[in-house]
Every structure is written in C-alpha cells, then in structure tokens.
Amino acid sequence: MKIIGEKINGTLKLVRKAVEEKDEAFIQDLAKQQADAGAYWLDVNAGTLPEHEPDDLVWLVRTVQEVVDLPLCLDSANVEALKAAVKAVKKTPLINSISGESGRLEGVLPLVKDHDCEVIALAMDGNGIPADVESRLAVVKSLIAETRNAGISDDRIYIDPLVTALATGIQSGQVAFKTMEATRLEFPDVHFTMGLSNISFGLPERKVVNKTFLALAIAAGLDAPILDPLDRDLMEILLTSEMVLGNDNYCLNYIKAFREGKIGNKTDSK
Ligand code: THG
C-alpha cells in the first residue's frame, strides 16, 4: 500500500494562510509528520488563483524538499503550474491528474512522457463525473488509449474511479468499486487511487464512514489511498485490512506499527 499524504492542500484554511504568508516552518512540519507516519508520496496542492499557482506550487515543492526525501504528488488542474513544478522536483513525481476534460491531456501528457512521471487519471470528462460504471469505464478506456499512444506504460497509471457523496447517491461506493473491478479486467497493470473523504459529505460521524469505506476500498483493490496519515484510526484500518487480506507476511507491518506506537491505545503500545 502506497499512501499519498493529503495534508499540504491549499483548500485547507491554515495551509492556504501558510502559502500566502510563505510560512516554511508550517509546511515543513506537515511534511515531516506525514513522512514519519508512513506516507509514500506527499500531495502538494497550492489551491491559489491560476496566475499565482505556478509560483506557489514551486514554492511548496522547494519548501517540502528541504526537509523530506519523499517523491511528491503534484496536485493541480493547471497545466502551467504542473509544468513549473515538474522542473523543481528532485524525485520522479506522481502527477495529479489527467482527465477527459478538454486541454488537460494535451498539456499534461507530454510532461508525463518527457519526465518519466507516474500519473493519476480521473474517470471524468468535460461533462463531469459519469453516474454509472459503464460510462466511467468508457472514460478510462479513452484515457488509457491516449496514454498508450503517448508511450506511457499502464503500470505508470493510477486510475481514480472518483468518489461522490453517499448522501446524494447511495450507490456512490459501489460505483467506485465496480469501476475499479471493470478497469482491472481490461487493464490488469494499472493501479488505483482515490480520495476517501468525499464519501461522507453531509453525513454525521464522517470519520466512521471514511474508515469503513477505506477497509472496503482496500478489499476492492485500492493500492494508493489519498488520506491523512496522521489519523491513527485510518492507519489502523489500513494496516489491519492489509493483514486480513493476506498482504502482510507474518503480520510484520502490523506488529511493527504496534511496537512503534503507531496503532493501538497509546498507553499500552510498548
Ligand atoms: N482524487 C485525486 N486528488 C484529490 C482528491 C481526489 N486531491 C484533493 C482531494 N481529493 C484529496 N485531498 C484532501 C485534502 C484534505 C482534505 C480532504 C481531501 C481534508 N478534508 C476535511 C473534510 O473533508 O472535512 C477537512 C476540511 C477542512 O479542514 O476544512 O482535510 O479525490 N486524484
């Protein structure tokens, strides 16, 4: 399981303030904490106005790289911001994202190809997020036709089936899982990513919903969740799900996390 740490995101109030004030210490603290908690990539999203976003994203990349060695997940819909950020990274990044929206593929695929990046492909196009599995699969098929055409191998692709709120559509979870299943049948080498928290919008006890969804999504084949690695409950569910599914030989990761006090009741972990 490769975790994408989500906390450096300019849509969050304190992060936005730190980006505006160029508060390096605040961002670097978020980077270090997520790295220590087990993130594989750190998502960086400046969330600022398009004219500032290239500079702000490059500032985030440089600021984070001063304190951690992890590769970054460059999260922007702005081709200019991605272009600038790709030049600033030390390690091969994961680009978040391409989709079937006009302009995005043309701008981003050459970057992915030229810098040998990995890339997230969203199951949506210019008409938005399709409601049913078949239409999402159709978008995925056309995106993979384009990445293949550009010479990008399927194992560099992370398909995001896209998660919508259960409160507005009770099949949201199932549609995401079934989109993964249908995609895997056609394209066995691609990976799967998703942001978890959309599932629980508008519901009480959102954390319980997010945790349960994570366990089921892992069982459905999610291998690169976008989440808050500082959330102990989520990390507990992640490690336990992997173990129960047989993906943690000799339960080593689970036991190690327990010994390190990363899971379990903080007082009895040693
Ligand atoms: N797919 C892909 N990329 C994504 C998303 C996705 N990038 C952005 C987002 N979704 C994932 N990142 C975050 C970052 C922070 C939070 C949620 C998702 C977050 N949200 C809290 C909430 O939802 O209530 C708190 C908000 C707040 O504090 O204001 O923290 O789906 N490819």
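Residues numbered from 1 in each chain as written. Predicted model: local features only at pLDDT ≥ 70, side-chain atom pairs only at ≥ 80, totals over all residues. Heavy atoms only, no water.

J.: Please explain the site of the ligand as it appears in this structure.
T.: Taken together, Glu-6, Asn-9, Leu-12, Asp-75, Asn-96, Ile-120, Leu-122, Asp-160, Gly-195, Ser-197, Arg-206 and Ile-226 make up all the residues around the ligand. Gly-195 places a polar main-chain atom, nitrogen or oxygen, 3.4 Å from an oxygen atom of the ligand. In this structure, an oxygen atom belonging to the ligand sits 3.2 Å away from a side-chain N or O atom of Arg-206. Contact with the protein chains hides 64% of the accessible area of the ligand, taken as 660 Å² for the molecule alone. Taken atom by atom, the bulk of the ligand overlaps the largest pocket. Of all elements in the fold, only β1 (4-9) and β5 (118-125) reach the threshold of two or more residues within the shell around the ligand. Residues of the shell around the ligand, tallied by class, amount to four nonpolar, four polar and four charged. (Near = heavy atom within 4 Å. Polar contact = N/O pair within 3.5 Å; in protein donor to acceptor, adjacent residues only side chain to side chain. Areas by Shrake-Rupley, 256 points an atom, 1.4 Å probe, with all protein chains shown as cover. 1 Å grid on protein atoms, 1.4 Å probe; cavity = no way out; pocket = protein on both sides within 12 Å on 5 of 7 lines; lining within 4 Å. Sits in = over half its atoms within 2 Å of the grid points. Helix = DSSP H or I, 4+ residues; strand = E, 2+ residues; numbered from the N terminus. Nonpolar A, V, L, I, M, F, W, Y, C, P; charged D, E, K, R; others polar.)

J.: Is there a simple way to think about the pattern of salt bridges in this case?
T.: When the charged atoms of two side chains lie near each other, side chains of opposite charge can form a pair. By the definition in use, this model includes 14 salt bridges. The salt bridge involving Lys-83 is made with Glu-80; its shortest N-O contact spans 3.8 Å. Taken as a pair, Lys-83 and Glu-80 lie in helix α4 (residues 79-88) at a separation of three residues, close to a single helical turn. Overall, Lys-83 belongs to the partly exposed group, its relative accessible area being 34%. Ionic pairing is found between Lys-207 and Asp-231, a salt bridge with its closest N-O pair at 3.2 Å. Within this pair, whereas Lys-207 is found in helix α8 (residues 206-219), its partner Asp-231 is found in the loop between β8 (224-227) and α9 (232-244), the two being separated by 24 residues in sequence. The exposed category is assigned to Lys-207, whose relative accessible area is 53%. (Salt bridge = Lys/Arg side-chain N within 4 Å of Asp/Glu carboxyl O. Buried < 20%, exposed > 50% of the residue type's maximum accessible area, 1.4 Å probe, protein only.)

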